[in-house]
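So the chains spell out like this:
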Amino acid sequence: MLALYTKYIYTFATCLLLLVTGVSCANDASDDIYTIGGVLADNDSENHFRQTISLLNFRNNYKSSRNMTYYGKTIRMDKNPIKTVFNVCDKLIDQRVYAVVVSHTSTSGDLSPAAVSYTSGFFQIPVIGISSRDAAFSDKNIHVSFLRTVPPYYHQADVWLEMLNHFGYTKVIIIHSSDTDGRAILGRFQTTSQTYYDDIDVKATVEMIVEFEPKLESFAEHLIDMKTAQSRVYLVYASTEDAQVIFRDAATYNMTEAGHVWIVTEQALNATNIPDGVLGLQLEHVNNDTIHLMDTVYVLASAIREMMQNETITEPPKNCDDSGVNWESGKRLFHYLKTRNITGETGQVAFDDNGDRIYAGYDVINMRPKQKRHVVGKFYYDTNKATMRLKIDDSQIIWPGRQKKKPEGIMIPTHLKVLTIEEKPFVYVRRLTDDEVNCMDDEVPCPLFNNTNGVENDYCCRGYCIDLLKALSQRINFTFELGLSPDGQFGHYILRNSSTGTLPSTPPKKEWTGLIGELVNERADMIVAPLTINPERAEYIEFSKPFKYQGITILEKKPSRSSTLVSFLQPFSNTLWILVVVSVHVVALVLYLLDRFSPFGRFKLSHVDSHEEKALNLSSAIWFAWGVLLNSGIGEGTPRSFSARVLGMVWAGFAMIIVASYTANLAAFLVLERPKTKLSGINDARLRNTMENLTCATVKGSSVDMYFRRQVELSNMYRTMEANNYDTAEKAIEDVKKGKLMAFIWDSSRLEYEASKDCELVTAGELFGRSGYGIGLQKGSPWTDAVTLTILEFHESGFMEALDKAWIFHGNAQQCEQFEKTPNTLGLKNMAGVFILVAAGVAIGVGLIIIEVIYKRHQVKKQKRMDIARHAAAKWRGTIEKRKTIRTSLAMQRQYNVGLNANPGTISYTVDKRRFHRLGVPRAPENAWIGDNDMLRNRRFLDPSLKPKHSPKVHAPLLGRLRTPGNIMPPKYSPGYTSDVSHLVV
């Protein structure tokens, strides 16, 4: 500081020397003159302002040309804002000022600076304040051209957040006045806490907001409500007078003693009764107008210089009478001012869009006994990282109650409201019957409160998570009251638009349902359930370290074994079967040809008979080929030639290899066959491009549902499965068992449990979307660290592994594994095709025999007709020949009779006539001859040399019926057979 004043004295002396020699410190009238006005609080500020501008003229780095000159014009700030307005118009605007610098004392109030801002802003003349910190000046709708080199009071919320992060406090109570600044600091804290510092893992949440009217008389009523809250960290924004009332009543309720944390702003830090151990903030250089004026002047000079290099600056307005003047260059100059970022005497000087100072430094003050202030930290600008940083020496802090140890900042409750949800095997739920009063020894009461009708139903819970909850309560010493999720859901968020037509648009707000909603709305303290840790949930609730690691997988029903009616054909492909059948007939044909054309194909068996044996025909060759292939005995029809027998031996070897291969593969296909899953995993093309015959689903609003929403590459699949999603996992698993649902996508722990319990179910593919199950707690819960450390101890001690064995596996996985390794027993389903083949063979055989019988009957009938026709033809020919013979005999007889000259009385004729008196009777041609049987019978009867078997009485009627001798076989000496040769007898 001494060097700075020495510099000022040296510069001022140089200027006086120039004035004495007749040379002005300013350039001649032709130079560019830029007047800067000042409305300052006291004489010292005015003198220093003018000196700073004089020195500015000697710094060429703030001037665009050598002819450029800055000139300062100041007036005194008046307590009366109306007088201040007139002074600005008459004494500043009349001098064509390019900007106005404003400062004020605490006694003058904020109305006079506001009056300067209104007046100058009307003409677009930039105004830079060096002491005004009210939130109202940030409203650019009113103060259109106002900047300030000091930050507003509500910017202290940024330092609050840094301090909370440093101390690890996550739940606070904010106490603020209901004026503009009080509401502004609350809004700044809430907005920044949601988007503040991405590297902060745990963000502070506001448990309670206490708003009071300024000029308090009593704060006791609010303190009573505050004592019921968990948080013991109080952030206070209040005026000095109101802070004194708050501290007075807080001391009455012992809320300023050990275990409580008070962090206050600058005004409250000035209270006369401020308790020991309070932490407060104090802006650096807040009362040093001198250096603030220097930074202000140099910021203005920097903006004017850059603006002159880029564009032309027009002259500012001349007076306030011309209300239509709109200085466009003033707007542009205000824009250039907001973009300044220089290193000044007060630190790094920069502005936000509202024209408020950023990068302002603060001292962290710790109140000691006797109202002594001790600086324990700083909030400063880090030039290397170009950001603000907080540095606090915790060892120097004395906390309320004169404690050196940092308070926990929260009252830890020992009785917790715990919620869970039915999810086997983690939580089994059983409803109490009318006869039951209490749950069993291994169960915990978990009533379900129905929000719809307000009825509470009694249930009992047990399982993996219930045992874990019991162990946690015993280890970290808390009691609990267990209940079920009111809507039976884990919870998902619903986007609700909270903006109205009169307010600017705001992002939609997430409202949570189910278990998460109960925790977010602070209706529960803890969730002990298979709750998946994901980013969406972690934004609103705390999670412990995972008590079980898992992922997402797919559950499906095992495909039925491929035991069709043609299962026995599976060992060979269709091509091989065709080749085997073709080979049989080709070999049979070759055998037939070899045996047919071989000279040794037919030979005699001397020891059997002398007949030559027939060669192998085609039918026998086919029978032989099939018999060898099917390993059946061949009784006949074997090859005879040597060449055919060689081929038969080769065919027998081929048949042996085929039969052995078939037998081995049949055992592999039908006995050791194991079904595979239908899907290969989440990357299966049938899932990515879902087909109509493949349905997949998950549970609505679950962590798996959120996972699919996040994954862009699964968007097509999610749109398809969204319509099929279920309300509960139990219903989906039941539909998988029934075959109504092809694939159910859910947490691997649950699905592996279901697959181990039911061997007909199987998980498909590898795990994806790996995460873990954690215990959910409220944001800033004091139990988070204790629960996390206990779970880590349980992992190390093997307790979690014991829970897995007791509740998840049950030994069923080994049973299913044993079932998979056991060979399957062949049943009718496997071998039905063979029996059907035999039945088909029987049916074919019966059909063929029926065809053969019908064909044979047809052949017999045809043969009978042919025999009848041949017999009739032969009989007709015989009749014709007999008639010819008779005619010839008669003709010869007549000729003979004519040759004897009517001498018929020969011995032969007489005998014949006597014996066959009707021989000469004419007969019809058809009765020319009698049958063989009649002739033989009559001959036996008439032949006296034969002994008759019957009496004459029997044959007499028969002989009497004979009309002509032609009906009886002619006698041995009948004229029809022998001629009368008596004339030849000598």
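Turning to unusual backbone geometry, a few remarks are in order. In most cases, non-glycine residues show a negative phi, while peptide bonds are predominantly trans. Between Lys 424 and Pro 425 the backbone carries a cis peptide bond, its omega angle lying at 0 degrees. Along the chain, Pro 425 turns up in the loop between strand E17 (415-420) and strand E18 (428-431). If you check the backbone angles, Asn 254 has positive phi at about 55 degrees while not being a glycine. Secondary-structure assignment places Asn 254 in the loop between helix H8 (240-252) and strand E9 (261-264). For Asn 254, a relative accessible area of 52% translates into the label exposed. Phi angles above zero are rare outside glycine, and Tyr 359 is one such case at about 65 degrees. By the secondary structure assignment, Tyr 359 is in the loop between strand E13 (357-358) and strand E14 (362-368). Tyr 359 gets classed as partly exposed once you look at its relative accessible area, which sits at 25%.

Glancing now at the sheet that holds strand E5 (residues 146-148). Across the sheet, five strands lie side by side as E2-E1-E3-E4-E5; this open sheet has parallel pairing. Strand pairing shows two members of the sheet lacking a second neighbour, strand E2 (68-76) and E5, which therefore form its edges. For this sheet, the mean inter-axis angle between neighbouring strands, taken without regard to orientation, is 25 degrees. Both strand E1 (residues 32-40) and strand E3 (residues 97-102) contribute to a ladder of five bridges, which runs parallel. By the bridge assignment for E3, Gly 38 is matched with Val 101.

What makes a disulfide is a covalent bond joining the sulfur atoms belonging to two cysteines. For the coordinates displayed, the defined rule picks out three disulfides. Covalently, Cys 439 is tied to Cys 460 through a disulfide, its sulfur atoms 1.8 Å apart. Between Cys 439 and Cys 460 the disulfide shows an S-S torsion of about -85 degrees. By sign, it is left-handed. Here Cys 439 is found in the loop between E18 and strand E19 (444-445), whereas its partner Cys 460 is found in strand E22 (residues 459-462), with 21 residues between them in sequence. In terms of burial, Cys 439 and Cys 460 fall into one category: buried.

Here the protein chain averages 79 in pLDDT, and 77% of its residues register 70 or above. The low-confidence segment residues 1-30 (pLDDT under 50) makes 15 contacts with residues lying over four places distant or belonging to another chain. This model gives residues 500-504 a pLDDT under 50, and the stretch forms one contact once residues within four places in sequence are excluded.

Once that is clear, we can look at the sheet that holds strand E8 (residues 233-237). By definition, the strands of a sheet pair up through backbone hydrogen bonds, in either a parallel or an antiparallel sense. Within the open sheet, the eight strands sit side by side as E7-E6-E8-E9-E10-E14-E15-E16. Their pairing is mixed. The open sheet terminates on both sides in strands that have one partner only, identified here as strand E7 (205-212) and strand E16 (387-392). For this sheet the average axis-to-axis angle between neighbouring strands, irrespective of direction, equals 25 degrees. Sheet analysis places E8 next to E9, joined by four bridges and oriented parallel.

So, about the nonpolar core. Counting 51 residues, the largest nonpolar core has Val 39, Phe 49, Tyr 70, Val 100, Val 116 and Leu 337 as its most contacted members. If one sorts the elements of this core by residue count, helix H9 (residues 289-310) sits on top with ten residues. Leave out the neighbours within four places in its chain, and Val 100 touches Gly 37, Val 39, Leu 92, Val 116, Ser 120, Ile 125, Pro 126, Val 127 and Ile 128.

Packing of helix H14 (residues 574-597) against helix H15 (residues 618-629) brings their axes to within 8 Å, and their N-to-C directions diverge by 135 degrees. Classified by the interaxial angle, the pair formed by H14 and H15 is oblique. Here H14 runs over H15; the crossing is right-handed. Packed against H14, whose contacting residues are Val 580, Val 584, His 585, Ala 588, Leu 589, Leu 591 and Tyr 592, the element H15 presents Leu 618, Ala 621, Ile 622, Phe 624, Ala 625, Trp 626 and Leu 629 at the interface. Here the contact of H14 with H15 is composed, by residue class, of 13 nonpolar, one polar and no charged.

What counts and how
Residues numbered from 1 in each chain as written. Predicted model: local features only at pLDDT ≥ 70, side-chain atom pairs only at ≥ 80, totals over all residues. Heavy atoms only, no water. Helix = DSSP H or I, 4+ residues; strand = E, 2+ residues; numbered from the N terminus. Buried < 20%, exposed > 50% of the residue type's maximum accessible area, 1.4 Å probe, protein only. Pairing = 2+ DSSP bridges. Axes fitted to C-alpha atoms, helices over the stretch in contact; angles between N-to-C directions. Disulfide = S-S within 2.5 Å. pLDDT = per-residue confidence, 0-100. Contact = heavy atoms within 4.5 Å. Core = buried A, V, L, I, M, F, W, Y, C linked by side-chain atoms within 4.5 Å. Parallel < 35°, antiparallel > 145°, perpendicular 65-115°, else oblique. Left-handed = near helix turned anticlockwise from the far one by under 90°. Nonpolar A, V, L, I, M, F, W, Y, C, P; charged D, E, K, R; others polar.

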